[in-house]
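So you can see what is in the structure, the chains are spelled out below.
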Amino acid sequence: MDAILARHSVREFVGGKISDETLEKLVHAGMSAPSAMHSAPWHFVVVTDRDRLNGVSGVHPYAAMSLQASAGILVCGEPDSEILKEFFDQNCAAAVENILIAVSDLGLGAVWVGVYPNKTHCENFTKYFQLPENIAPFAWIPIGYPKNPAKQDNRLDLSRVHRNVW
Ligand SMILES: Cc1cc2nc3c(=O)[nH]c(=O)nc-3n(C[C@H](O)[C@H](O)[C@H](O)COP(=O)(O)O)c2cc1C
């Protein structure tokens, strides 16, 4: 619960290197997500190259935070590897959320930048990251050291909870 409640979007970062060990932990968190029929259809493009990170700000209108990020992970899916193709996006979303929670728990910050199913974003990311034809970009996660202290809020809304029937 602590890690889930601490997670929030971070869009401003101060510099600093993120170790390969930490990046591997984040990918491990992503790959530990549930997936329909355990299809695990994901791939992860881990980005640390400064120029490549900066360039993402030019392929997505809401990804300017990539200019300050120390690293980024592009979560991708391989829909053809799935028995239940219609669950491809839900499986990838579970991986993204796991990564975001792990980021926060490791004292870093990140934000979910939506790519799929926007056709233009998908085409732009496919081209920019030279993805093969059978791979779909799903979400971009810029990661860094947060500039500002964590916000705390309580979003529990019991009016949205329905017991046994609506
Ligand atoms: C599918 C999805 C797409 C999102 N796309 C963007 C985006 O393009 N740029 C951005 O700054 N934030 C994006 N966000 C982050 C949301 O704005 C953020 O999660 C929401 O405002 C709630 O704030 P919190 O993450 O701090 O709880 C996206 C979140 C989701 C789940």
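Read on for an overview of the structure. (Residues numbered from 1 in each chain as written. Predicted model: local features only at pLDDT ≥ 70, side-chain atom pairs only at ≥ 80, totals over all residues. Heavy atoms only, no water.)

### Describing the site of the ligand
Going by this rule: Near, as used in this document, describes a residue that has one of its heavy atoms within 4 Å of the molecule or strand being considered. Contacts described as polar in this section are N or O atom pairs within 3.5 Å, which, within protein, must combine one atom able to donate a hydrogen with one able to accept it, while residues neighboring in sequence count only if both atoms come from side chains. Note that accessible areas follow from Shrake-Rupley with a 1.4 Å probe, and for residues the cover is restricted to the protein chains shown. Amino acid classes used here: Ala, Val, Leu, Ile, Met, Phe, Trp, Tyr, Cys and Pro are nonpolar; Asp, Glu, Lys and Arg are charged; the rest, including Gly, are polar.
What surrounds the ligand is the set Arg7, His8, Ser9, Arg11, His60, Tyr62, Met65, Val111, Trp112, Val113, Gly114 and Arg155. In this structure, a nitrogen atom belonging to the ligand sits 2.8 Å away from a main-chain N or O atom of tryptophan 112. Here an oxygen atom of the ligand and a side-chain polar atom of arginine 155 are 2.8 Å apart. When isolated, the ligand has an accessible area of 620 Å², and the protein chains bury 60% of it. Tallied by class, the residues present in the shell around the ligand amount to five nonpolar, four polar and three charged.

### Here we look at the pattern of salt bridges
Inclusion rule: A pairing counts as a salt bridge when a side-chain nitrogen of Lys or Arg comes within 4 Å of a carboxyl oxygen of Asp or Glu. Helix and strand definitions follow DSSP, with helices as H or I runs of at least four residues and strands as E runs of at least two, each counted in order from the N terminus. Burial classification: accessible surface area is computed with a 1.4 Å probe over protein chains only, and a residue below 20% of its type maximum counts as buried, one above 50% as exposed, and the rest as partly exposed.
By the definition in use, this model includes four salt bridges. Taking the shortest distance from any N to any O, the salt bridge between glutamate 123 and lysine 119 comes out at 3.0 Å. Residue glutamate 123 and its partner lysine 119 are both found in helix H5 (residues 119-128); the two are separated by four residues, about one turn of the helix. Since its relative accessible area comes to 45%, glutamate 123 is described here as partly exposed.

### Observations concerning a nonpolar patch on the surface
We count it as follows: To count toward a patch, a residue needs a relative accessible area over 30% and no salt bridge; like charges are then connected within 9 Å, while nonpolar side chains (Val, Leu, Ile, Met, Phe, Trp, Tyr) are connected within 5 Å.
A cluster of nonpolar residues, Met1, Ile4 and Leu5, forms a patch on the protein surface that exposes about 350 Å² of accessible area. Note on placement: methionine 1 falls in the segment before helix H1 (2-6). A relative accessible area of 68% means that methionine 1 is categorised as exposed.

### Some points on the packing of helix H2 (residues 20-31) against helix H4 (residues 88-105)
To keep it simple, the criterion reads: Lines fitted to C-alpha atoms define the axes, with helix axes restricted to the stretch in contact, and inter-axis angles between N-to-C directions lie between 0 and 180 degrees. Comment on the angle field: the value is read as roughly parallel under 35 degrees, roughly antiparallel over 145, roughly perpendicular from 65 to 115, and oblique elsewhere. A clockwise turn of the near helix away from the far one marks a right-handed crossing, whereas an anticlockwise turn of less than a right angle marks a left-handed crossing. We call two residues in contact when some of their heavy atoms are within 4.5 Å.
Axis separation between H2 and H4 bottoms out at 7 Å; the angle between their running directions is 140°. Our classification of the angle between H2 and H4 gives oblique. Both H2 and H4 take part in a crossing whose hand is right-handed. Between H2 and H4, the contacting residues are Leu26, Ala29 and Gly30 on the first element and Ala95, Asn98, Ile99, Ala102 and Val103 on the second. Among the residues forming the contact of H2 with H4, the class breakdown is six nonpolar, two polar and no charged.

### Thoughts on the pairing of strand S6 (residues 136-146)
Within a regular strand, the side chains alternate between the two sheet faces. Note the threshold: For two strands to pair, DSSP has to find at least two bridges joining them.
Taking burial as the measure, the eleven residues of S6 include nine buried ones, the bulk of the element. Relative to S6, strand S1 (residues 13-14) is paired through two bridges, and the arrangement is antiparallel. In the sheet register, phenylalanine 13 faces S6, and the bridge partner there is proline 146. Sheet topology note: the strand S3 (residues 71-77)/S6 ladder contains seven bridges and is antiparallel.

### Some details on the nonpolar core
This is how the line gets drawn: Only buried Ala, Val, Leu, Ile, Met, Phe, Trp, Tyr and Cys residues count toward a nonpolar core, and they belong to the same one when joined by side-chain atoms within 4.5 Å.
Residues Leu26, Phe44, Ile73, Val75, Ile99, Ile141 and Ile143 are the most contacted members of the largest nonpolar core, which totals 27 residues. Of all the secondary-structure elements, those providing two or more residues to this core are H2, strand S2 (42-47), S3, H4 and S6. It is H4 that contributes the most residues to this core, nine residues altogether. Discounting residues that sit within four places of it in the chain, leucine 26 has contacts with Ile73, Ile99, Ala102, Val103, Leu106 and Ile143. Counting residues in each nonpolar core, the second largest holds 21 residues, with Leu53, Ala69, Leu74 and Val111 among its members.

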